[in-house]
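Residue-level listing of the chains:
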Amino acid sequence: MKLRGKAWKFGDNISTDHIAPGRLFHLRSNLPELAKHVLEDADPEFPKLVQAGDFVVGGNNFGLGSSREHAPTIIKLAGVSAVLAKSFARIFFRNAINVGLPVLICDTDQIDQHDELEVDLAAGTIKNLTRGVELVFAPLPEVMLTILEDGGLAAHVQKHGDLRLE
Amino acid sequence: MGQTLAEKILSRKVGRPVRAGEMVICPVDVALTQDGTGPLAVRQLQKLNMVRAACPGRTVLFIDHAAPSPRKELSNDHMLLREFARETGCVLSDVGAGVCHQIIAEEYARPGDVIIGADSHTVTAGALGAFATGMGSTDVAMGIALGKTWFRVPETFQIRVRGRFSPGVGAKDLILHLIGRLGADGATYKALEFVGETIEEMPMTDRLTLSNMAVEAGAKVGLIPSDEETRRYLAAMGREGDWQPLAPDADAEYERVVEVDVSELEPMVSAPHTVDNVRPVGELAGTKIHQVFIGSCTNGRLADLAEAARILSGRTIHPEVRLIVVPASRRVFLEAIDAGYIRELVAAGATVLAPGCGPCVGVHEGILGDGEASLNTSNRNFQGRLGNPAGFIYLASPAVAAATALKGEIADPREVLA
Ligand code: SF4
């Protein structure tokens, strides 16, 4: 599957408090509303201007902090097709796969704000169409690939009636 | 080849020897959610027609993050959690009982357990020798219903600690120092294993502080061997029968060994906006502080309140500071009342709030104004954490917090104690 869209660049250590802050705790049971504020504390323009298919591009340790699954969920709900970063915090990474949001580890120094990207999930490549460079991303562990292909963890359990990961 | 604590616990649970790097499907002993993550977990189970728990007596739904509720939306979420507990027989820990991780330590965690929680600081129970880790709502929902989850067995960093703390310095300074050294992502996906003479002599209350913050270096678990101190703590909680010894093998394989000598350690402070931005208190002394928060799953225990009371007793906090004190659990609150600490803190000017998370996550009870700074004994200082992205958060020990409340600016407790 190929994904195409514009890059929204963020720095290192983007925390779940940037993505889904505690001051909006009361919106956690209203995810479409919470999604209107996604990442606004890191870039106020982002939730207003992000378009379906766009990419969130971080630096090191993207998604550090709390276990709130609402963070990857609202990134996905905002229309983002994948998150690219040099590295991810553990819980965010696992949550993103569980909610069916691709998370790709690559050298994001090769991507600037608003670059046009094309991601080939099967081939493991990212074309930066603006800069004319091609990046590769590390393949996901087998277990996570299975979950992602089933459409997330809930869909996986629904399909098999159990965890079928071994 | 010997096993690390993480390998040993998971091997016993899955019934065969496992090594770092392997994927395992593992039974779960205790599962927990809180009011920020529980509603999503409940809705997932409802959507899948799986409104049940494999082990309801050891599945706990906590209401601690927004407790008592400040808004109707959250009150409705609380109702959903109460209803789910009624339907499934799961345990509900309602408003005023305290912070999830404190209650898990007091009432549930056993050495050798596997504990999953929809809260990143679930790692706290590692202090009791439990493989305890944080996950998202869906992972924990599936764990609740199926009674199992999957893990990649983590590699381990062994943290060997030696030396005696000098007065005014303690476990919080040690863990802040370590996070500064490792970096906020220095131990991502890894297990931390705390060992050495300093840990052996350390009371459980301080061990819980260490394990609690393992996640701030990115770690999956923060484990401490189960020893006589673990037994003593469990006995004090009325459950000595839950004790068993647990130690890593002498020939276990570690990805990295980190040595720390605490005898020269100073009080440490983590400055905005990342936890690994750690400095000795002297470098930040004099920074104007508007609010001090003593509490949370990191440092809201009896010994923490005692330390603050010792510094503040018979004195008055600075007129331009709000001091917010939140006991971590009802048990802690009652013991602090009996010991007179609450009286001393209130007399010094503190505002005492119901056991729970208090202002820690920026939902209620102490939101900062634009440009204001808070010094907290909690574990995170990310931008926006106290409900306002235009606020600034410093993290430190209860001793530094009490000294800072007295002075109205970041202060070295050794000067106040002297
Ligand atoms: S006290 Fe703070 S860190 Fe601990 S569980 Fe509550 S919100 Fe999370």
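So, a few notes on the structure that sits alongside this text. Every chain is numbered independently, its residues counted from 1 as its sequence is written. Lettering for chains starts from A, numbering for ligands starts from 1, and both go in the order in which the items are written. Side-chain atom pairs in this predicted model are given and counted only at pLDDT of 80 or more, local residue features only at pLDDT of at least 70, and totals for whole chains, interfaces and linings cover all residues. Where side-chain values are given, they derive from all heavy atoms of the structure, hydrogens and water being excluded.

**Remarks on a negative patch on the surface**
Residue and element names in this part refer to chain B. We apply this condition: A patch consists of residues whose relative accessible area exceeds 30% and which take part in no salt bridge; residues with like charges are grouped when within 9 Å of each other, and nonpolar side chains (Val, Leu, Ile, Met, Phe, Trp, Tyr) when within 5 Å. All accessible areas in this document rest on Shrake-Rupley with a 1.4 Å probe, and a residue is counted as covered only by the protein chains that are shown. Think of a salt bridge as a Lys or Arg side-chain nitrogen and an Asp or Glu carboxyl oxygen that are within 4 Å of each other. Under this rule, positive means Lys or Arg and negative means Asp or Glu; His and the chain ends count for nothing. For this purpose, a charge sits on NZ of Lys, CZ of Arg, CG of Asp or CD of Glu. Only DSSP runs of H or I with at least four residues qualify as helices, and only runs of E with at least two residues qualify as strands; both kinds are numbered from the N terminus onward. Note on classification: 1.4 Å probe, protein chains only; a residue is buried when its accessible area is under 20% of the maximum for its type, exposed when over 50%, partly exposed between these limits.
A contiguous patch of negative charge on the surface is contributed by Glu 197, Glu 200, Asp 261 and Glu 264. Summarising the element assignment, Glu 197 is placed in helix α7 (residues 197–200). Relative accessible area serves as the criterion here: at 43%, Glu 197 is assigned to the partly exposed category.

**Considerations on the site of the ligand**
All names here are of chain B. We apply this condition: Residues are labelled near a given molecule or strand when at least one of their non-hydrogen atoms is within 4 Å of it. Here the term charged refers only to Asp, Glu, Lys and Arg, the term nonpolar to Ala, Val, Leu, Ile, Met, Phe, Trp, Tyr, Cys and Pro, and the term polar to all other amino acids, Gly among them. The domain limits used here are those given by an automatic or database domain assignment.
Around the ligand, the neighbouring residues are His 65, Val 99, His 101, Asp 119, His 121, Ser 296, Cys 297, Cys 357, Cys 360, Val 361, Asn 379 and Arg 385. In the shell around the ligand, the residues fall into 5 nonpolar, 5 polar and 2 charged. Counting contributing residues per domain, the shell around the ligand is built from domain 1 (5–15 + 24–261) and domain 2 (268–417), each supplying no fewer than three.

**Concerning the interface of chain A and chain B**
The figure often quoted for interface size is the accessible area lost as the parts come together. Defined as follows: Throughout, a contact is declared for two residues whenever any of their heavy atoms are within 4.5 Å. Throughout, the accessible surface (probe 1.4 Å) given up by two parts as they are put together, summed over both, is called the buried area.
Opposite the 42 residues of chain A that make contact, chain B presents 51 residues. Interface area, chain A with chain B, both sides summed: about 3,900 Å², of which 60% is carbon and sulfur. Together, Phe 25, Arg 90 and Arg 94 of chain A form the three largest contributors to the area buried by chain A at its contact with chain B, with a combined 20%. Along the contact surface separating chain A from chain B lie 3 salt bridges. Among the ionic pairs, Arg 94 of chain A bridges to Asp 139 of chain B, the shortest N-O distance being 2.8 Å.

**A closer look at unusual backbone geometry**
Residue Pro 68 of chain B is reached from Ala 67 of chain B by a cis peptide bond, and omega for that bond is -5°. Tracing the backbone shows Pro 68 of chain B in the loop between β3 (59–62) and α3 (72–88). The backbone phi angle of Asn 13 of chain A is positive, close to 55°, even though this residue is not glycine. Residue placement: Asn 13 of chain A occurs in the loop between β1 (2–9) and α1 (16–19). Although it is not a glycine, Glu 365 of chain B adopts a positive phi angle of roughly 60°. Examined against the element boundaries, Glu 365 of chain B turns out to sit in the loop between β16 (350–352) and β17 (373–376).

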